[in-house]
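The residues making up each chain are set out below.
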Amino acid sequence: MTEHAPRAVVTAGTGGIGLETALGLARRGWDVTLVARDPARGKAAVARVDEVAGRPTGRFVRADLSSLAATRRLGERLAAEGALNLLVNNVGGMWTERWESPEGIEGSIALNHLSPYVLTETLLDALAAAAPSRVVNVTSSAITAAQAVFEDAEPPGPHYGLPATGRAKLAHLAHSMELAGRLAPRGISVIAADPGAAATGNAALMTLDILPPAMRPFWEQIQKGVSAPVAAAATGPLAAALDPALDRRTGLVVGPVGTVDDTLLAFVTPEVTEAVRRWTAELMAAAGQAS
């Protein structure tokens, strides 16, 4: 790594959209820390990052981001290293079967909302030290399938992966827009990026059961959508991270083609934002984490 290169952290950075985002940053002279769970995948990803950069620029840090306690420890470790120019919260996913995090939180909520929430909060001083800096939160069009009910940890009725992920992503988008206003005075921009559908490893594991019955007639259409190249899906996150036209702008959503697109913001109403604020605090308290 180079002393004066800008520093970025990319979560879930050893494969899929995260790795493609890291490669794009490395090509442009950034030092990149890749956070994920698998050391073997981490070693391979760092080798690719270093290769495209033409110098040692990548680093792997192991962490289980489904655990809020582990995520907080990661943030504290990274914050102790000093100023951070960019945080890309790429971690997340969609699963057919319901599962729980180590703190007993439904998995899509933990990884799509609470984990990036905790990591960002822990790194605020490091990001402010590098201001103007950016936080890029990877969002999803799954928001359009969300059940926007936040009175309880999970909505009533059967669990289906697509609306569960959409609800968690909606929560984090609402949080991101609120956070943008809070962090603007500190010189930290918060930008959401919708990468669009792509042929990621996570998408390859989806089955028809991930959809509510009413959406199952669209299964073939959805499968075609997730056949797009992963490299193209990094366009939105890279634009959100690097586009100079976005310098000192905040509270935006960048779409799959790399331009500002406010389509998903139509789902972020004041009522949703307030409900998400209360809901997040309750979840954090239940998980034994101060919000």
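If you're wondering where the values come from, they're calculated on a predicted model, not measured in any experiment. (Residues numbered from 1 in each chain as written. Predicted model: local features only at pLDDT ≥ 70, side-chain atom pairs only at ≥ 80, totals over all residues. Heavy atoms only, no water.)

Enquirer: Would you mind showing me how to read the sheet that holds strand S7 (residues 252-254) here?
Expert: Within a sheet, neighbouring strands are paired by backbone hydrogen bonds and run either parallel or antiparallel to one another. Read across the sheet, seven strands follow the order S3-S2-S1-S4-S5-S6-S7 without closing on themselves; strand pairing throughout is parallel. A single partner strand is all that each edge strand has here, and the edge strands are strand S3 (58-62) and S7. Taken pair by pair, the neighbouring strands of this sheet meet at an average axis angle of 20 degrees, ignoring direction. In this sheet, strand S4 (residues 86-89) lies alongside strand S1 (residues 7-11) in parallel orientation, the contact comprising three bridges. Note on S4: the bridge partner recorded for Ala8 is Leu86. Most of the contacts of helix H3 (residues 68-79) go to S3, to which it runs at about 145 degrees, and overall it touches S1, strand S2 (31-36) and S3. The strands touched by helix H10 (residues 235-242) within the sheet are S4, strand S5 (133-138), strand S6 (188-193) and S7, with S5 carrying the most contacts at an inclination of about 160 degrees. (Pairing = 2+ DSSP bridges. Helix = DSSP H or I, 4+ residues; strand = E, 2+ residues; numbered from the N terminus. Axes fitted to C-alpha atoms, helices over the stretch in contact; angles between N-to-C directions. Contact = heavy atoms within 4.5 Å.)

Enquirer: I'm lost on the pairing of S3 in this one. Help?
Expert: Sheet topology note: the S2/S3 ladder contains five bridges and is parallel. Residue pairing for S3: Leu34 is matched across the bridge by Phe60. As a crossover connection, the stretch from S2 through helix H2 (residues 39-53) into S3 is right-handed. (Right-handed = clockwise from strand over helix to strand, strands pointing away.)

Enquirer: I tried to follow H2 on my own but got confused; where do I start?
Expert: Given 3.6 residues to a turn, an α-helix orients residues that are three or four positions apart in the same direction. The end-to-end C-alpha distance of H2 is 21 Å, a good match for the 21 Å that 15 residues give at a rise of 1.5 Å each. Every buried residue of H2 is accounted for by Gly42, Ala45, Val46 and Val49. Along H2, the residues classed as buried sweep out an arc of 105 degrees about the axis, all on the same side. Residues of H2 that are exposed and angled more than 90 degrees away from the buried face: Ala40, Lys43 and Glu51. Where H2 is buried, its residues touch helix H1 (16-27), S2 and S3. The residue sitting at the N-terminus of H2 and contributing the capping side-chain oxygen is Asp38; that oxygen lies 2.9 Å from the backbone nitrogen of Ala40. (Expected span 1.5 Å × (residues − 1). Buried < 20%, exposed > 50% of the residue type's maximum accessible area, 1.4 Å probe, protein only. Arc of directions from axis to C-beta. Polar contact = N/O pair within 3.5 Å; in protein donor to acceptor, adjacent residues only side chain to side chain.)

Enquirer: It is not clear to me how the packing of helix H4 (residues 107-122) against helix H11 (residues 270-286) should be interpreted in this structure. Could you clarify?
Expert: In a pair of packed helices, the angle between the axes and the distance between the axes together describe the arrangement. Running from N to C, H4 and H11 point in directions that differ by 90 degrees, and their axes come no closer than 12 Å. The pairing of H4 with H11 is recorded here as roughly perpendicular in orientation. Facing H4, whose interface residues are Ile109, His113, Leu114, Tyr117 and Val118, H11 presents Val276, Trp279, Thr280, Leu283 and Met284. Classifying every residue of the contact of H4 with H11 by side-chain character gives eight nonpolar, two polar and no charged. (Parallel < 35°, antiparallel > 145°, perpendicular 65-115°, else oblique. Nonpolar A, V, L, I, M, F, W, Y, C, P; charged D, E, K, R; others polar.)

Enquirer: Hey, could you run me through the nonpolar core in this one?
Expert: The tendency in soluble globular proteins is for nonpolar side chains to be buried side by side. Ranked by internal contacts, the top residues of the largest apolar core, which has 27 residues, are Leu25, Val32, Leu34, Val49, Leu86 and Val136. The biggest single contributor to this core is H1, with five residues. Counting residues in hydrophobic clusters, the runner-up holds 25 residues, among them Leu170, Ala171, Ala275 and Met284. (Core = buried A, V, L, I, M, F, W, Y, C linked by side-chain atoms within 4.5 Å.)

Spatial relationships are all this shows, so hold off on functional conclusions.
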